[in-house]
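Here are the chains, one letter per residue:
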Amino acid sequence: MQPRPLRTVVDLLDEAAAEAARAGRTHPPESDLARRQAAEKIWGYVASELNRTLRATGFPVEVGPEAHEMRKKWLRELDRALGRNFAARHDAFADVHGACFYESRCPTPDLLAAMANEARAFVDEVKAALVEVRRRGARAA
Amino acid sequence: MVLVRHRLTGETLEVFDVALDDYVFAGPPGEPAKGRMVHRSELDPDPFEAVLTPWHDR
């Protein structure tokens with residue numbers, strides 16, 4: 001079977017919000033699994049959207065275990081160039097994912113729902129910053 | 001791409017990520033938005049035997 005491209009669009013966040021809501025109205029173990037699914041989808045949206053956008057704007061991100069550090073490297077450079085705090089915000093999403101999805105130590109459903117909203121805003125801010133950096137670069141050249 | 005079969009439903013699932021306990025995040029191939037936590041005992045072959053790049057590192 002040929003690999004198909006992943007669908008990494010905003011419905012991930014819609015699904016994550018739905019998982020968080022389900023976690024709030026169910027009981028363990030279902031609520032625990034729903035929180036872990038929400039955390040995975042939120043982080044997956046952040047990481048895959050940033051990877052896609054960085055690559056599309058000329059900032060390479062390798063596939064595999066180096067992807068995380070390469071993404072952070074570019075975000076730190078954006079922070080330095082524009083006086084932002086993207087790398088720290090990226091790490092906050094990564095930390096919640098690590099604790100919740102991998103280790104089953106999850107935030108409350110309400111916090112996960114808020115994170116789904118924040119993820120969309122965060123990625124949009126990074127996209128705008130990448131456009132700004134490229135615009136500045138074009139002007140300098 | 002790591003594909004497995006759900007023992008009860010017969011579905012073909014892609015394994016997108018593997019947790020530290022006995023669960024994986026799996027769903028229809030190429031569609032992590034529809035993914036869910038699945039216990040390894042429900043899947044064939046055992047996804048913990050596979051080498052996997054998590055979908056968010058691709």
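Residues numbered from 1 in each chain as written. Chains lettered and ligands numbered in written order. Predicted model: local features only at pLDDT ≥ 70, side-chain atom pairs only at ≥ 80, totals over all residues. Heavy atoms only, no water.

Novice: Would you take a moment to explain the packing of aromatic side chains for this structure?
Specialist: Per the stated rule, a full pass over the model turns up eight aromatic pairs over all chains. When the ring of B:Phe16 is compared with that of B:Phe25, the centres are 5.9 Å apart and the planes differ by 50°; the resulting orientation is tilted. Each member of the pair, B:Phe16 as well as B:Phe25, carries the same accessibility label: buried. Three or more aromatic residues joined by ring pairs form one cluster here, namely A:Phe101, A:Tyr102, B:Phe16, B:Phe25 and B:Trp55. One Lys or Arg, A:Lys73, reaches over the ring of A:Trp74 and ends 3.5 Å from the middle of that ring. Its end group placed over the ring of B:Phe48, B:Arg40 keeps NZ or CZ at 4.2 Å from the ring centre. (Phe/Tyr/Trp six-rings, centres within 6.5 Å; stacked < 30°, edge-to-face > 60°. Buried < 20%, exposed > 50% of the residue type's maximum accessible area, 1.4 Å probe, protein only. Lys NZ or Arg CZ within 6 Å of the ring centre and 35° of its normal.)

Novice: Quick question: what am I supposed to make of the side chain of A:His90 here?
Specialist: Residue and element names in this part refer to chain A. Structurally, His90 is set in helix α4 (residues 86-102). Separated by 3.0 Å, the side chains of His90 and Arg71 make a polar contact. Beyond its immediate sequence surroundings of up to four residues, His90 is in contact with Trp43, Leu50, His68, Arg71, Lys72, Leu75 and Phe122. (Helix = DSSP H or I, 4+ residues; strand = E, 2+ residues; numbered from the N terminus. Polar contact = N/O pair within 3.5 Å; in protein donor to acceptor, adjacent residues only side chain to side chain. Contact = heavy atoms within 4.5 Å.)

Novice: Looking at this structure, how should I read the packing of helix α1 (residues 11-25) of chain A against helix α2 (residues 30-56) of chain A?
Specialist: A pair of packed helices can be characterised by two numbers: the angle between their axes and the separation between those axes. Residue and element names in this part refer to chain A. Look at α1 against α2: their axes get within 8 Å of each other, and the N-to-C directions meet at 160°. Taken together, the axes of α1 and α2 lie roughly antiparallel to each other. Once α1 is placed against α2, the crossing between them reads as left-handed. Together, Leu12, Leu13, Glu15, Ala16, Glu19, Ala20, Arg22 and Ala23 of α1 and Glu30, Ser31, Ala34, Arg35, Gln37, Ala38, Lys41, Ile42 and Tyr45 of α2 make up the contact between the two elements. (Axes fitted to C-alpha atoms, helices over the stretch in contact; angles between N-to-C directions. Parallel < 35°, antiparallel > 145°, perpendicular 65-115°, else oblique. Left-handed = near helix turned anticlockwise from the far one by under 90°.)

Novice: Explain the pattern of salt bridges here, please?
Specialist: A pair can form between side chains of opposite charge whenever their charged atoms are brought close. One pass over the full model with this rule turns up 22 salt bridges over all chains. A salt bridge links A:Glu77 to A:Lys73, with the nearest nitrogen and oxygen atoms 3.7 Å apart. Pair noted here: A:Glu77 and A:Lys73 are both in helix α3 (residues 67-82), with a separation of four residues, about one helical turn. Overall, A:Lys73 belongs to the partly exposed group, its relative accessible area being 35%. Linking B:Arg7 and B:Asp44 is a salt bridge whose minimum nitrogen-to-oxygen distance equals 4.0 Å. Here the residue B:Arg7 occupies a position in the loop between β1 (2-6) and β2 (12-18), and B:Asp44 occupies one in strand β5 (residues 43-44), the gap between them amounting to 37 residues. Under the relative-accessibility criterion, B:Asp44 is labelled partly exposed at 33%. (Salt bridge = Lys/Arg side-chain N within 4 Å of Asp/Glu carboxyl O.)

Novice: How should the environment of A:Met115 be read in this particular structure?
Specialist: Examined against the element boundaries, A:Met115 turns out to sit in helix α5 (residues 109-140). Sequence spacing of A:Met115 and A:Tyr45 is 70 residues, and the spatial spacing of their C-alpha atoms is 11 Å.

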